[in-house]
Amino acid sequence: MSPDFTNTVSSNAASSTAASQDAQAVQVARLYYVQGLTTDAIATELGLSRPKVSRLLSHARRSGLVEIRIHDPEGQAQTLEARLHARYPFLHAQVVGVPQGSPETLWLERTAAAAAAALTGLLRPGMTVGLAWGNTLNAVGHALIPRPVPGLTFVQLNGSANAADFMSGFVTDTILRFARNFSAGAQLFPVPTFFDDPATKRSMWRERSVRHVLDLQGRAELLIYSVGSVDASTPSHVYSAGYLDAGDLAALEQEGAVGDIATVFYRADGSDAGLSLNARASGPPLALIREASESLCVVSGLGKATALHAALAGKLMRRLIVDEVTARAMLELGEAES
């Protein structure tokens with residue numbers, strides 16, 4: 001096992017007590033995991049009680065200050081990570097192991113938990129983070145590990161209104177759950193998910209209130225999203241909640257769309273030029289996704305393998321957390337094309 005340590009000491013005076021506890025927990029964790037001292041030896045060296053040492057070790061694990069990964073030489077997850085890196089050198093991938101024969105609901109649960117844990121090492125004070133919404137990010141939100149991050153702001157990447165529900169509670173709950181978990185700010189984006197007319201979108205995009213959100217999106221230092229697919233066993237929220245009508249779905253199929261990121265669609269090669277629905281979509285241009293300094297894509301479910309393969313073909317992510325069954329299926333798609 002190789003524990004990774006993340007030192008996160010807040011500069012905010014109001015959180016000095018928590019910061020002191022974090023610093024002490026890191027000190028104890030280093031002695032325990034790196035130097036191999038027993039809890040008795042640590043208690044003696046630091047002048048603490050053994051129960052206090054145990055509580056600090058538990059705090060270090062629970063808060064994400066310590067992350068433990070088991071490197072199993074026979075493990076499939078590590079083999080798949082190596083294959084992903086060989087095929088996509090630009091990608092930092094984490095493959096989540098799941099029990100053989102387990103249901104996709106469990107894959108999502110474990111993948112979401114892995115993503116929630118990874119965020120403790122990615123989020124920094126003062127960051128602006130672009131956040132998409134959907135079933136996967138909703139699951140991540142429920143798995144988050146509470147930790148205040150001073151000055152953090154989450155900005156919604158795409159609108160959430162449709163004809164039946166102007167501001168989806170599903171979407172706002174996801175964004176606000178992330179914000180509350182990290183004691184962060186939240187910038188919602190109360191515009192239609194898809195406009196009826198591209199001209200209406202162009203006019204709306206000139207409004208100062210909308211420009212403010214778009215500017216925040218453009219300045220985001222981290223983007224968090226999944227890939228959407230109509231073929232998922234639990235269809236992506238945008239496909240199942242009335243955002244698209246039969247004509248929209250027919251046009252997407254005819255034009256070769258295989259997936260979306262934040263409701264912006266792309267083809268099997270990762271390209272999006274000429275997809276008519278994108279002119280009406282509220283999500284960010286895929287160029288912004290592709291050029292982001294840091295991005296995390298979280299994917300789970302066999303029905304998303306094609307959409308993930310296409311997104312990787314278009315280099316539409318820098319980091320990926322994916323369950324091992326989906327990762328293997330996606331790699332097999334690439335090998336079949338070779």
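Since we're looking at a predicted model, the values are computed, not measured. (Residues numbered from 1 in each chain as written. Predicted model: local features only at pLDDT ≥ 70, side-chain atom pairs only at ≥ 80, totals over all residues. Heavy atoms only, no water.)

Colleague: It is not clear to me how the packing of aromatic side chains should be interpreted in this structure. Could you clarify?
Modeller: Each aromatic ring pair is characterised by the separation of its centres together with the angle its planes make. This model, assessed by the stated rule, comprises seven aromatic pairs. Centroid distance Tyr32 to Tyr33: 5.0 Å. Interplanar angle 85°. Geometry classified as edge-to-face. Geometrically, the ring pair formed by Phe195 and Trp205 is edge-to-face, given 5.6 Å between the ring centres and 80° between the ring planes. Residue Phe195 is located in the loop between strand 6 (185-187) and helix 8 (198-204), and its partner Trp205 is located in the loop between helix 8 and helix 9 (208-219); the two are separated by 10 residues in the primary sequence. Of the two residues examined, Phe195 and Trp205, each falls in the buried class. (Phe/Tyr/Trp six-rings, centres within 6.5 Å; stacked < 30°, edge-to-face > 60°. Helix = DSSP H or I, 4+ residues; strand = E, 2+ residues; numbered from the N terminus. Buried < 20%, exposed > 50% of the residue type's maximum accessible area, 1.4 Å probe, protein only.)

Colleague: Just to check I follow, could you spell out the pairing of strand 7 (residues 222-225) for this structure?
Modeller: Two faces, one strand: in a regular strand the side chains alternate between the faces of the sheet. Burial along strand 7 is two-sided: Leu222 and Ile224 facing one way and Leu223 and Tyr225 facing the other are all buried. Both strand 7 and strand 10 (residues 295-299) contribute to a ladder of three bridges, which runs parallel. Paired with Leu223 across the strands is Ser295, a residue of strand 10. (Pairing = 2+ DSSP bridges.)

Colleague: Before we go on, may I ask you to explain the pattern of salt bridges in this structure?
Modeller: Any two side chains of opposite charge can pair, so long as their charged atoms come close to each other. Here the structure, examined in full by the defined rule, presents five salt bridges. With a closest N to O distance of 3.2 Å, Arg211 and Asp215 form a salt bridge. Residue Arg211 and its partner Asp215 are both found in helix 9; the two are separated by four residues, about one turn of the helix. Judged by relative accessible area, Arg211 falls into the partly exposed class, the value being 35%. According to the relative accessible area criterion, Asp215 is partly exposed, its value standing at 36%. Across the pair Arg319 and Glu294 runs a salt bridge whose closest N-O atoms are separated by 3.1 Å. Of the two residues, Arg319 sits in strand 11 (residues 319-323) while Glu294 sits in the loop between helix 12 (286-291) and strand 10, which places them 25 residues apart along the sequence. Its relative accessible area of 23% is what places Arg319 among the partly exposed residues. (Salt bridge = Lys/Arg side-chain N within 4 Å of Asp/Glu carboxyl O.)

Colleague: How do you make sense of the pairing of strand 11 when you look at a structure like this?
Modeller: The element strand 11 is largely enclosed, with a buried count of four among its five residues. Where strand 3 (residues 92-96) meets strand 11, five bridges bridge the pair, whose relative direction is parallel. The residue bridging His92 from the neighbouring strand is Arg319, located in strand 11. In terms of strand pairing, strand 10 meets strand 11 through four bridges, oriented parallel. Considered in strand 11, the bridge of Leu296 is made with Arg319. Handedness of the crossover joining strand 10 and strand 11 through helix 13 (residues 305-313): right-handed. (Right-handed = clockwise from strand over helix to strand, strands pointing away.)

Colleague: Is there a simple way to think about the side chain of Thr136 in this case?
Modeller: When you line up the elements, Thr136 lands in helix 6 (residues 135-143). Of note is the side chain of Thr136, whose polar atom sits 3.2 Å from the side chain of Lys304. What Thr136 contacts, discounting residues up to four positions off in sequence, is Leu108, Ser226, Val298 and Lys304. (Polar contact = N/O pair within 3.5 Å; in protein donor to acceptor, adjacent residues only side chain to side chain. Contact = heavy atoms within 4.5 Å.)

Colleague: What's the story with helix 9 in this structure? I'm lost.
Modeller: Helical geometry note: an α-helix holds 3.6 residues per turn, so side chains three or four residues apart project in the same direction. Here helix 9 spans 16 Å end to end across 12 residues, near enough to the 16 Å set by a 1.5 Å rise per residue. When helix 9 is considered as a whole, its buried residues turn out to be Val210, Val213, Leu214, Leu216 and Gln217. Within helix 9, the buried residues cover an arc of 155° as seen down the axis, which keeps them to one side. The outward face of helix 9, more than 90 degrees from its buried face, is lined by the exposed residues Arg208, Gly218 and Arg219. Structurally, helix 9 contributes buried residues whose contacts are with strand 4 (128-131), strand 5 (153-156), strand 6, helix 8 and helix 12. (Expected span 1.5 Å × (residues − 1). Arc of directions from axis to C-beta.)

Colleague: What exactly am I supposed to notice about the confidence of the model for the protein chain here?
Modeller: Across the protein chain, pLDDT averages 88, with 88% of residues at or above 70. Taken together, the stretch residues 5-14 has pLDDT below 50 and engages in 21 contacts with residues farther than four places along the chain or on a different chain. (pLDDT = per-residue confidence, 0-100.)

Colleague: Even after reading the chapter, I still don't get the nonpolar core, so can you show me in this structure?
Modeller: Formed by 78 residues in total, the largest nonpolar core has its most connected members in Leu119, Phe154 and Ile261. In terms of residue count, the dominant contributor to this core is helix 5 (residues 104-122) (seven residues). When neighbours within four sequence positions are excluded, Leu119 is seen to be in contact with Val140, Leu144, Arg147, Phe178, Leu222, Ile224 and Leu296. (Core = buried A, V, L, I, M, F, W, Y, C linked by side-chain atoms within 4.5 Å.)

Colleague: Please explain the sheet that holds strand 4 as it appears in this structure.
Modeller: Paired through backbone hydrogen bonds, the strands of a sheet run either parallel or antiparallel to each other. The parallel open sheet is built from seven strands, whose spatial order is 3-11-10-7-4-5-6. Single-partner strands in this sheet number two, and they are strand 3 and strand 6. Across the sheet, the mean angle separating the axes of adjacent strands is 20° when strand polarity is ignored. (Axes fitted to C-alpha atoms, helices over the stretch in contact; angles between N-to-C directions.)

Colleague: How should I be thinking about the environment of Arg318 in this particular structure?
Modeller: Its place among the elements puts Arg318 in the loop between helix 13 and strand 11. C-alpha separation for the pair Arg318 and Ser295, spaced 23 residues apart in sequence, amounts to 5.3 Å. With near-sequence residues (within four places) excluded, Arg318 lies in contact with Phe90, Leu91, His92, Arg290, Glu291, Ala292, Ser293, Glu294 and Ser295. Polar side-chain contacts of Arg318 include one of 2.4 Å to the backbone oxygen of Ala292.

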